[in-house]
Structures are given as C-alpha cells and as structure tokens.
Amino acid sequence: MNPFDDPSEDETPEGDEVPFQDSGATYLVRGATLRAPKPEPALYLVATPIGNLSDVTLRALDIIAGADVLACEDTRVTQKLLARYGIRRRLFAYHEHNAAESGPALLDELEAGRSVALVSDAGTPLVSDPGFRLGEEAIARGLPVVPIPGASAPLAALCASGLPSDAFFFAGFLPVKDGARLAKLETLTRVPGTLIFFEAPHRIAESLAAMAEGLGPRPAAVCRELTKAYETIYRGTLPELAERFAAMERVRGEIVVCVGPPAEEEAAASGDVDTILRGLLAEMKPAKAAQEAVKLTGLPRRELYQRALDLKGGA
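Residues numbered from 1 in each chain as written. Predicted model: local features only at pLDDT ≥ 70, side-chain atom pairs only at ≥ 80, totals over all residues. Heavy atoms only, no water.

Novice: What am I meant to see in the pattern of salt bridges here?
Specialist: In total, this model carries 15 salt bridges according to the counting rule given. Among the charged side chains, a network of salt bridges with common partners joins E111, E137 and R141. (Salt bridge = Lys/Arg side-chain N within 4 Å of Asp/Glu carboxyl O.)

Novice: I keep staring at the sheet that holds strand β10 (residues 219–224) and nothing clicks. Help me out?
Specialist: Hydrogen bonding along the main chain pairs the strands of a sheet, whether they run parallel or antiparallel. As summarised here, the arrangement of the five strands in space is β8-β9-β12-β10-β11, forming an open sheet in which the pairing is mixed. In this open sheet, the two strands that pair with only one neighbour each are β8 (168–173) and β11 (232–237). Along the sheet, successive strands turn relative to each other by an average axial angle of 15 degrees, direction set aside. Pairing analysis gives six bridges linking β10 to β11, with the strands arranged antiparallel. (Pairing = 2+ DSSP bridges. Helix = DSSP H or I, 4+ residues; strand = E, 2+ residues; numbered from the N terminus. Axes fitted to C-alpha atoms, helices over the stretch in contact; angles between N-to-C directions.)

Novice: Explain the sheet that holds strand β6 (residues 116–119) here, please?
Specialist: Pairing within the open sheet is parallel, and its five strands lie in the order β5-β4-β6-β3-β7. Two strands in the sheet have a free side with no partner beyond their single neighbour: β5 (92–93) and β7 (145–148). Relative to β7, strand β3 (residues 43–46) is paired through four bridges, and the arrangement is parallel. In the sheet register, V46 faces β7, and the bridge partner there is I148. Each of β3, β4 (69–72), β6 and β7 touches helix α1 (residues 58–66); the most contacted strand, β7, lies at about 135 degrees to it. (Contact = heavy atoms within 4.5 Å.)

Novice: Would you explain helix α6 (residues 178–188) in this entry?
Specialist: Helical geometry note: an α-helix holds 3.6 residues per turn, so side chains three or four residues apart project in the same direction. Along α6, the residues that are buried comprise R181, L182, L185 and L188. Across the axial projection of α6, the buried residues extend over an arc of 110 degrees, all falling on one side. (Buried < 20%, exposed > 50% of the residue type's maximum accessible area, 1.4 Å probe, protein only. Arc of directions from axis to C-beta.)

Novice: In this structure, what is going on with the nonpolar core? I would like to understand it.
Specialist: Soluble globular proteins: nonpolar side chains tend toward being buried together. F197, L208, M211, V222, V257 and V259 are the most contacted members of the largest nonpolar core, which has 25 residues in total. At six residues, the largest contribution of residues to this core is made by helix α7 (residues 204–215). Ignoring any residue separated from it by four or fewer positions in sequence, one finds L208 in contact with V222, L238, L241, A242, F245 and V257. (Core = buried A, V, L, I, M, F, W, Y, C linked by side-chain atoms within 4.5 Å.)

Novice: Which parts of the structure should I look at to understand the packing of α7 against helix α8 (residues 238–246)?
Specialist: Describing two packed helices takes the angle between their axes plus the distance from one axis to the other. Relative to each other, α7 and α8 sit at 160 degrees, their axes nearing to 8 Å. Relative to α8, the element α7 lies roughly antiparallel. At the point where α7 passes α8, the crossing takes the left-handed sense. Mapping the contact onto sequence places I204, A205, L208, A209, M211, A212 and L215 in α7 and L238, P239, L241, A242, F245 and A246 in α8. (Parallel < 35°, antiparallel > 145°, perpendicular 65-115°, else oblique. Left-handed = near helix turned anticlockwise from the far one by under 90°.)

Novice: In this structure, what is going on with the packing of aromatic side chains? I would like to understand it.
Specialist: Two measures describe an aromatic ring pair: the distance that separates the ring centres and the angle between the ring planes. Under the criterion given, the structure shown has three aromatic pairs. On the numbers, 5.7 Å between centres and 65 degrees between planes, the contact of F173 with F198 is edge-to-face. Of the two residues, F173 sits in strand β8 while F198 sits in strand β9 (residues 194–199), which places them 25 residues apart along the sequence. On the basis of relative accessible area, F173 is assigned to the partly exposed category, the value being 45%. The class for F198 is buried, based on a relative accessible area of 14%. Between Y234 and F245, the aromatic rings sit 5.0 Å apart at their centres with planes inclined by 75 degrees, giving edge-to-face as the arrangement. Taken as a pair, Y234 in strand β11 and F245 in helix α8 lie far apart in primary sequence, 11 residues in all. Judged by its relative accessible area of 3%, F245 is buried. Put simply, the rings of F170, F173 and F198 touch in pairs and so form one group of aromatic residues. (Phe/Tyr/Trp six-rings, centres within 6.5 Å; stacked < 30°, edge-to-face > 60°.)

Encoded structure:
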C-alpha cells in the first residue's frame, strides 16, 4: 500500500467507476483507438517523454487529447508526440518569449470554465521552464492546478547515478560566467544531499572543472541523452570527470549532472584542517597548499584556498 494513501478517505472505492464523459477526441496506442474523457476545468501540468516517446502515460494522453486547450513550448516538438499517438488538434504556444501575452489568455480560458493542458518540450512542466509563472498565477486566482506526473530528467538521472537518493537538491543550470558559477557552487557546498544540475554540452567540461574546484573530489555522474538511443552515463569523481570531458573533442545531447553529498565531517579530518594547511604553507604557496589539502581532507579547494589565505595573512 502507498504510505500516502488513506483507505478511509478513498473517493473511488474498488468496484466503483468514475463516470466517463466523452470529449469526442481519440488517440492511438499500438493500433488501438482509445477515446479521451473530457477533463474537468483546471490547469493540467502534463509530463511528456524526455526522449523515448513510449514513456508517455495513458493519463497524459487522455488530457493531451481531451483538454479544451493544449499549450506547449514549441509546437514543432509537441507535434511529433501528437503524430506518434494519432492526435490531431490545434496547439497554443506558451514559452518564455511570449509568456507575458499568452499567460493571461490561458488564465482567461481557465476562468471561463475550460480545461487547459500545459506540456513542456520534454519532461515535467514547471521544472526549469516558464510554466512556473502560469501555475503560480493560476493558484493566486484560486484556479485548480492538477499535476499529471510522468517522465522527469532529474529523477531519471538520480536513479541511474548510483548516488544517494534519500535527499537531493535540484539546482538547475549554473551561471555561465566563472565568478558567478563558483559563487553559486559555494552556496551549495553544505547541502546535505545529492546535487542535480542541467548543463549544455558545450559548457560541460568547464562546469565540471568548476564543480571540482568548488565542491571538491566528490563522486558524480554525467548522464547524457537519457532514454534515447545514445544514452550514456559517465561515473567517477568530479576531477576525473572534468579531465575526461576536457579531452573530448565534441560533446552532444542533453545533459544532467548528479554530484554526491558532502562527506561526513569526521571523514574530512585526517587531523585539524588548519594544522594541515599550516604544515603545507610552510613549504608552498596558498594555491598549491589548498590543492594538496583537497586530497587530504576532501573539502572544496575554494574553501581551503580562502582558509589558507587567512592563515597566511595572520602568520
């Protein structure tokens, strides 16, 4: 039994059926024609496949086919999913460049008592996309918002990474500029769980190098093209992965990076950190001392370098 289920509050006991109101729309699943029910008026946030089109759920197809309005990021991308399942309907574009105009129009449809389905190009809407604003405004207006769960790139990567999944933090894309990227990583150093990032293929090598510098030699996994024909998962420490990707001539595809949580404080200490740094500073400059201290403590190089500078300045 699902721990979140409460049998005493089950609204559809076993043996009872929810009345089927035909929307008039149909879709195809492996040659079988299925009728889509008419959804109740609400904003439906519909998860779509992140690569393999077979990963869509039947409930998602019901909503995509049967909703009064179907909004999407890129009509060309969504049209491929519709073609796969024999769905013919008008699409309403809603993306970051037209959200200010399209958002109010969709909210008007909801307030008029119509059902609106929102899909992203891939994965779950509102996760790193402009749908957040639409959901936020719908809730502010007291309109119903209904999740239609399914594929999610962060969760797929976490499952395949081999890293702890009992606690995790989705950090989205890191800033592009070096200083801002390292500053962002510094705010994440003490998060007590696996970190999950999105990254563009042309920036993955430099981002991994920044992660190695900002987070230390943590175990990590780079998950590329999940659920697609060329799905590849690279595992190792951040320095190892940074070196590996720096040597690649070209990287393609959509990428999710998972980084293990910080080590227990006890594991970081093979002696007092300041004692280690003082010993190293007696023989080398702060930058080199911090680099060597990473190997001994497992702490981020940036943090150790700053501490080395403080110790050097107070000497």
